[in-house]
Every structure is written in C-alpha cells, then in structure tokens.
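Chain and residue survey
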Amino acid sequence: MAGAVKHDYHILPPSPWPFVGSMASVVMAVGLIGWVKGGFLGMEKGNWAIFAAGLAGVLYTMFGWWSDVAKEAKAGDHTPVVSIGLRYGMILFIASEVMFFVAWFWMFFEMALFHGHRELSTIEEVRTAWATWPPAGVETVSAWRLPLVNTLTLLLSGTTVTWAHHALQVGDRKGAKWGLILTVLLGALFTCIQVVEYAHINHEQLFYSEAAVNSGLYGSTFFLATGFHGFHVFVGTIFLIVCLIRLMNGAFTPKQHFGFEAAAWYWHFVDVVWLFLFAFIYVIFGASAH
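Note that the coordinates shown come from a computational prediction; the quantities given were computed from them, not determined experimentally.

Conventions used here
- Residues numbered from 1 in each chain as written.
- Predicted model: local features only at pLDDT ≥ 70, side-chain atom pairs only at ≥ 80, totals over all residues.
- Heavy atoms only, no water.
- Helix = DSSP H or I, 4+ residues; strand = E, 2+ residues; numbered from the N terminus.
- Areas by Shrake-Rupley, 256 points an atom, 1.4 Å probe, with all protein chains shown as cover.
- Salt bridge = Lys/Arg side-chain N within 4 Å of Asp/Glu carboxyl O.
- Axes fitted to C-alpha atoms, helices over the stretch in contact; angles between N-to-C directions.
- Parallel < 35°, antiparallel > 145°, perpendicular 65-115°, else oblique.
- Left-handed = near helix turned anticlockwise from the far one by under 90°.
- Contact = heavy atoms within 4.5 Å.
- Nonpolar A, V, L, I, M, F, W, Y, C, P; charged D, E, K, R; others polar.
- Expected span 1.5 Å × (residues − 1).
- Core = buried A, V, L, I, M, F, W, Y, C linked by side-chain atoms within 4.5 Å.
- Buried < 20%, exposed > 50% of the residue type's maximum accessible area, 1.4 Å probe, protein only.
- Phe/Tyr/Trp six-rings, centres within 6.5 Å; stacked < 30°, edge-to-face > 60°.

What follows is about the overall build of the protein. Counting its secondary structure elements, the protein contains eight helices and zero strands. For the protein, the accessible area works out to roughly 16,700 Å², and carbon and sulfur atoms hold 71% of it.

Following this line, the structure appears as structure tokens:
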C-alpha cells in the first residue's frame, strides 16, 4: 500500500505533555518558594495553594503521559528497535539517579572528613576526623532496630519483585500478581517504618538537643540522604502499583513487558542505595558516635 510505514521506528504524534509538565513544574517550584519563604511574587508564607496546583499538574502529566505510553505498547508500537531505545533511556535515568545519590554521599563524607578543618595531611589526622563524626552531642539512630528491619524489608521486596518478573517471563500471571502485591506491601511497610523512625528522631531531639547545637550539618545530611531515598521508595511503590493494575487488566506478555521490567530495575536500584546508606550512615558512622 502506498504511503505505508516501512521502518521499525515509532514516530510520535504531537503531544501536549512536555509543555504541560514543564509549566506545572514551574508553578510547583514557585509555589514551594512562596509556601516556605513567602514574599515571592506577593505570595503569603504558609499558603500552599499554588504549590498544590503545580503538584496536581505534575501528577496529571504523569498519568496522561504514562497512559499514552501504555496505549502505544498495547497497540504494538514498541517494536524491538523502539524497545531498545526505551531500555537505553531507563538505564540513563537510573545512572542519573546514581549521580544524584553520589552527591549526598559526597556531602556526608565531606563533613565526616573536614568538619574540623580543611587540611588533612596524614592518615592519623584522617582517622581522628572520622572518629569524631558524628559530632559530640549527636545521638545517632541505632542501626540494629528500625533501620535493620527496613533493610530486611527491602531485601525481601527485592526477592518478591524478582519472583514476579520470573513468573511473568514464564507466563505465570498469577505468580506475577502475587509477587507484585507482596512487593507493593513491603514498599509501603518500609515507608511506614521510616515515618516512625523520623517521628522518634524529632520527639527525642536526637540531632537538635542543646548538646548538639554545634553539630553542623549532620542532621541535614542524614535527612537529605535517607529522606530522598524514602521518596524514591514511595515513587517506586507507585510505579509497581501501576504495573500491578496493568497486569490485572491483561497487559504484559512473556515477551513484551518492559514497563514492568523498568519498574523492577528501579526497585533494585533503590535496594542497592539503601544498603550503602545502612552500611555507612547507620552502621559505620552510627557506631562511632560518642
């Protein structure tokens, strides 16, 4: 037939989502500044309405854009060549996320080594610097209570998501559903435990007591590193919930299920980052507190 497509590439039709998502992100950022600081463009401090509107726009964009991608997959537009591009895109996204967490680890180690002074010339000076981090007055969170439970929770969730992936590959849709359900529940459990941990830190003022008034950036680096990881767990849980809904609606086949595969990659990335956080922030530096 004249004019028929004779290549393996999927040419996207005009989409509103890049523009809508960009505008919503700008509104959300401006709203956040006004909510926290106030005085920006006449906004009153504490008013979160503009931020909420921007967030709603971002969520709407995510729903619409991902729905379009799911429809493309269902229509057969994700040819082998297109699937390779999707995989490269997900790999690069995870690589960018790795660099994001490298920044927080870098900050934590920077403070561990140079919280006293910038010049360290001998191994003994480095050993002394590490031995005095966290700073005096800071009460660290015990690694062998809630953080250990969360570590076991995430490791178990990595097992269940792998089970679901393998079940889908061999055509066992029931096993894939149960594996995904368990993974989602474990992800939600991790988030709940972290909320309890943060509430304990704030209630006991572990990082904010009078004795820890000169602790520098320890509390900030702790909450930034673990908090952003917790946010990634939350996003990953939503990712898996979407995959579960699609699976229950008949989507995914043993040979074509990249949406789920991408979610599994992301979940394993979250698992690995937590192991590094647990090892360094909770175990190694937590044990050296005084």
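More follows now that the structure is in view.
Before going further, it helps to examine the pattern of salt bridges. A full pass over the atoms with the stated rule returns one salt bridge. Between Arg-87 and Glu-261 there is a salt bridge, with the nearest N and O atoms lying 2.6 Å from each other. One end of the pair, Arg-87, is in helix H3 (residues 80-114); the other, Glu-261, is in helix H8 (residues 258-287), and 174 residues separate them in sequence.

With that out of the way, let us pick up the packing of helix H1 (residues 17-36) against helix H2 (residues 49-74). Packed helix pairs are characterised by how far apart their axes lie and by the angle those axes make with each other. The N-to-C vectors of H1 and H2 enclose an angle of 155°; their axes lie 7 Å apart at closest approach. Between H1 and H2, the angle is such that the two are roughly antiparallel. Along this stretch, H1 crosses H2, giving a crossing that reads as left-handed. Judged by residue contacts, Trp-17, Pro-18, Val-20, Gly-21, Ala-24, Ser-25, Val-27, Met-28, Gly-31, Leu-32 and Trp-35 of H1 engage Ile-50, Phe-51, Gly-54, Leu-55, Gly-57, Val-58, Tyr-60, Thr-61, Gly-64, Trp-65 and Asp-68 from H2. Looking at the contact of H1 with H2, its residues break down into 14 nonpolar, seven polar and one charged.

Its location among the elements puts His-78 in the loop between H2 and H3. Ignoring anything within four residues of it in the chain, the contact list for His-78 reads Val-69, Glu-72, Ala-73, Ser-83, Leu-86 and Gln-256.

Our next topic: H2. Relative to the 38 Å expected for 26 residues at 1.5 Å per residue, H2 spans 37 Å between its end C-alpha atoms, a close match to the ideal helical length. Immediately downstream of H2, the backbone of Gly-76 shows phi near 85°, a positive value.

Ranked by internal contacts, the top residues of the largest apolar core, which has 51 residues, are Leu-180, Ile-201, Phe-207, Phe-222 and Phe-260. Those elements that provide at least two residues to this core are H3, helix H5 (146-169), helix H6 (173-204), helix H7 (218-248) and H8. Broken down by element, the residue count for this core peaks at 16 residues, all from H8. If near-sequence neighbours (up to four positions away) are discounted, Phe-260 is found in contact with Val-161, Ala-164, His-165, Leu-168, Leu-180, Cys-243 and Phe-252.

Attention shifts here to the packing of H6 against H7. Relative orientation of the contacting elements H6 and H7 amounts to 155°, with a least axis distance of 9 Å. By the angle between their axes, H6 is roughly antiparallel relative to H7. Here H6 runs over H7; the crossing is left-handed. The residue inventory of the contact of H6 with H7, partitioned by class, reads 17 nonpolar, 10 polar and three charged.

Let us look at unusual backbone geometry. With phi around 50°, Gln-205 is a residue other than glycine that occupies positive phi space. Checked against the element boundaries, Gln-205 lands in the loop between H6 and H7. Although it is not a glycine, Phe-252 adopts a positive phi angle of roughly 75°. Among the structural elements, Phe-252 can be located in the loop between H7 and H8.

The next thing to look at is the environment of Gln-169. By the element assignment, Gln-169 lies in helix H5. For the pair Gln-169 and Pro-254, spaced 85 residues apart in sequence, the C-alpha separation works out to 4.3 Å. Non-local contacts of Gln-169, meaning those with residues more than four positions away in its chain, are made with Pro-254 and His-257.

Now for the environment of Leu-59. Inspection of the secondary structure puts Leu-59 in helix H2. Residues Leu-59 and Ala-24 lie 35 residues apart in sequence; the distance between their C-alpha atoms is 9.1 Å.

In this section: the packing of aromatic side chains. Each aromatic ring pair is characterised by the separation of its centres together with the angle its planes make. Under the counting rule described, the total for this entry stands at 26 aromatic pairs. Taken together, a centroid distance of 6.5 Å and an interplanar angle of 75° make the contact between Phe-105 and Phe-276 edge-to-face. Within this pair, whereas Phe-105 is found in helix H3, its partner Phe-276 is found in helix H8, the two being separated by 171 residues in sequence. Its relative accessible area of 16% is what places Phe-105 among the buried residues. For Phe-276, a relative accessible area of 46% puts it in the partly exposed group. For the pair Phe-222 and Tyr-282, a centre-to-centre distance of 5.6 Å together with 75° between the ring planes defines the contact as edge-to-face. Of this pair, Phe-222 sits in helix H7 while Tyr-282 sits in helix H8; the two residues are 60 residues apart in sequence, bridging distant segments of the chain. Judged on exposure class, the residue Phe-222 and its partner Tyr-282 are both buried.

These values are about where atoms sit, not about what they do.
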